[in-house]
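Listed below are the residues making up each chain.
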Amino acid sequence: MIKRGKLDSLTVLIYVVVTVLGLSCLFPILNTLALSFSSSAAATAGKVGIIPVDFTLSSYQKILNDQQLWRSFLISMLRVLLGTSLNIFLVITLAYPLSRNQREFGAQKIYIKFVLFAMLFNGVMVPTYMVVQKLGMINSIWSLIFPGAVSTGNVILMMNFFRSVPKALEEAAEIDGATPFQILWNIFIPASKPCIATIVLFCIVWHWNDYFSGLLYMTKVHNYPLQTYIQMIATTFDISKITDIKKLQEFLMISEKTLNSAKIVVSVIPLLLIYPFLQKYFTTGLVVGAVKE
Amino acid sequence: MKGIGYFMSRPKKQWYYHLMMLPGMIFLIIFNFIPMFGIVMAFQDFSPAKGILESRWIGLDNFKFIFGLKESRQIFSNTIIISFGKILLGILIPVCFSLLLNEIKAQFFKRMVQTIVYMPHFLSWVVFAAVVQGIFSYDGPINALLMAVGVEPVMFLGSNQWFRTIMVTTDSWKEFGYGSIIYLAALTGIDPGLYEAASIDGAGRWKRLLHITLPGIMPIILIMLTMALPNILNAGFDQIFNLYNPLVYKSGDILDTYVYRVGMLKRQYSLGTAVGLIKSVVGMILILAANKLVTTFSDRRMF
């Protein structure tokens, strides 16, 4: 047995290393927070670490009047709401028939091949863009929701979870004359709450964090979701302008740092709010996700 | 009394299942399968004005062009080098971290650390890139440190020498905590009796690590490695797109960023589709191979 209360130097070292690694993961958020509360001069001079320098609320006062920021915030909220609802509806309605065996649902074998193929064969960015364009969804919120509506990975996750639901429950309901819809609604969904919660949370995070769909499908900044807006203001290198090291330096030194940090904080707060729930569930998701035969 | 469900014929029940699949299948067809037909653009000299049906067919010319380009050899090697580094560090650091965390007996401290290290995974690269830019900028903390020891400051994000290293290390920084979950779970699965027996036999910390802990998590390490290998052509678009600039195209431009720039920004649809197609096909073959491998040597599968 390992003796308690005895602190050898190796144990101390382990604590130190783990603490440093832990703090390094807090740094991004603390640094952004500190920048957002610092004066522009201090931030530009690179003096801000994890504690605000020349504490000020001016960045937050300024962004209160930034109409585009709040518009983008609302677009992202709406997207999360609509997108996640559609994701979950489709995950469940696809996963349930797919979880039936050959005897119960003969076409299962063909359908699963389709879904797996869609999952494995991706990366056709240009043709997908052209389909969205042809459907007239450029600059519409649906372009952020429909192309990724079927999250194939989650369908497989859900399908495996449904397969683990005890058969006895279902057979009892069948004898009572329940239709597949009723069985799904009354038995499978209640039995799969942790898995559904995991998928809901993952979908929320995905929709909230995705900047690329906005960049691809929105031609007007007016329609950008929040992450795309942040991406535009905070991190894009304007490719045409950076021609040498000096230009790059100038770009990285622009004094918008504090303002941008405040906007980033606004974009991270919703994530931090759901993080406790996320943490409760994502380990379950990973354990379920590691499929065993 | 028996309800209708009991008597419901199997074919009729199957119609319910087909009906349930319908909405999802419609979305899959429109947004996954129809775009696959767009792949024919890779074999055309596509022009949006003419459309797919009218555009000129040029066979494999696009592919010949891609493989003839000096630039594309660079892009392939960038992609493979960066993702190889990420795969390696993406296993090494989480394994080491979980081994360290496993040695910690204070439950409260352990749980707090876990809560913190999982967090960066959920931040988007847009947010994380802003922080990375700050750290590696000319006036950032790393350069301040260098100057303190008398070294000339380096423009890290504009340096072809440093760019890949920064991509690999910052990616592990963001993901190591989340990546350690699976190993921590495997560590709790090791029989405590083994440790007790080893202690009685006088095995110290290192011996226990070498003979019990490492062999105990070796299977999961091998599984994770196999599952990660198909990602060799995914060097991480979101990260690189948010951190690169023309100065580091030579070392940092990867397949996905190239597809986006050429296919979307420059509107060379055929070229973009051709590169995307190469990536998709190779990626799919690798995943299928990895899945085969994982199922043969373990009781798991990828999908």
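Worth saying up front: this structure is predicted, and the values here are computed from it rather than measured. (Residues numbered from 1 in each chain as written. Chains lettered and ligands numbered in written order. Predicted model: local features only at pLDDT ≥ 70, side-chain atom pairs only at ≥ 80, totals over all residues. Heavy atoms only, no water.)

### A word on the overall build of chain A
Okay, so step 1: Each helix and strand in chain A was counted, giving 15 helices and zero strands.
Okay, so step 2: Here chain A holds 293 residues, and 54% of them are scored as buried.
Okay, so step 3: Restricting to contacts in chain A with at least 6 residues of sequence separation, those with at least 24 account for 70%.
Okay, so step 4: For chain A, the accessible area works out to roughly 13,700 Å², and carbon and sulfur atoms hold 67% of it. (Helix = DSSP H or I, 4+ residues; strand = E, 2+ residues; numbered from the N terminus. Buried < 20%, exposed > 50% of the residue type's maximum accessible area, 1.4 Å probe, protein only. Contact = heavy atoms within 4.5 Å. Areas by Shrake-Rupley, 256 points an atom, 1.4 Å probe, with all protein chains shown as cover.)

### Some details on the packing of helix H6 (residues 125–134) of chain A against helix H15 (residues 269–297) of chain B
Okay, so step 1: Taken N-terminus to C-terminus, the directions of H6(A) and H15(B) make an angle of 125 degrees; their axes are 7 Å apart at the nearest point. Comparing the axis directions of H6(A) and H15(B) gives the class oblique. Residues Val126(A), Pro127(A), Tyr129(A) and Met130(A) of H6(A) pack against Tyr269(B), Gly272(B) and Thr273(B) of H15(B).
Okay, so step 2: The residue inventory of the contact of H6(A) with H15(B), partitioned by class, reads five nonpolar, two polar and no charged. (Axes fitted to C-alpha atoms, helices over the stretch in contact; angles between N-to-C directions. Parallel < 35°, antiparallel > 145°, perpendicular 65-115°, else oblique. Nonpolar A, V, L, I, M, F, W, Y, C, P; charged D, E, K, R; others polar.)

### A word on the packing of helix H7 (residues 125–136) of chain B against helix H9 (residues 163–188) of chain B
Helix-helix packing is described using two parameters, namely the angle between the two axes and the distance between the axes.
Residues and elements named next belong to chain B.
Okay, so step 1: It is the contact of H7 with H9, at a shortest axis distance of 12 Å, that shows an interaxial angle of 125 degrees. Between H7 and H9, the angle is such that the two are oblique. The two elements H7 and H9 cross, and the hand of that crossing is right-handed. On H9, the residues touching Trp-125, Phe-128, Val-132, Ile-135 and Phe-136 of H7 are Ile-166, Thr-170, Asp-171, Trp-173 and Lys-174.
Okay, so step 2: Of the residues belonging to the contact of H7 with H9, the class tally is seven nonpolar, one polar and two charged. (Left-handed = near helix turned anticlockwise from the far one by under 90°.)

### A closer look at the environment of Pro153(B)
Residues and elements named next belong to chain B.
Okay, so step 1: As for its placement among the helices and strands, Pro-153 is situated in the loop between helix H8 (141–148) and H9.
Okay, so step 2: Separated by 118 residues in sequence, Pro-153 and Leu-271 place their C-alpha atoms 39 Å apart.
Okay, so step 3: Excluding residues within four positions of it along the chain, Pro-153 makes contact with Tyr-138, Asn-143 and Met-147.

### Side note on the pattern of salt bridges
Okay, so step 1: For the coordinates displayed, the defined rule picks out 14 salt bridges over all chains.
Okay, so step 2: We note a salt bridge from Lys167(A) to Glu104(A), for which the minimum N-O separation is 3.4 Å. With Lys167(A) in helix H9 (residues 167–175) and Glu104(A) in the loop between helix H4 (67–99) and helix H5 (108–120), this residue pair connects regions lying 63 residues apart in the sequence.
Okay, so step 3: Relative accessible area serves as the criterion here: at 37%, Lys167(A) is assigned to the partly exposed category.
Okay, so step 4: With relative accessibility at 12%, the residue Glu104(A) sits in the buried group.
Okay, so step 5: Of the charged contacts in the structure, one is a salt bridge between Asp45(B) and Arg56(B), with a shortest N-O distance of 3.5 Å. Placement of the pair is Asp45(B) in strand S1 (residues 44–45) and Arg56(B) in strand S2 (residues 56–57), with a sequence separation of eleven residues.
Okay, so step 6: One salt-bridge network, in which partners are shared between bridges, spans Arg100(A), Glu104(A), Lys167(A) and Glu170(A). (Salt bridge = Lys/Arg side-chain N within 4 Å of Asp/Glu carboxyl O.)

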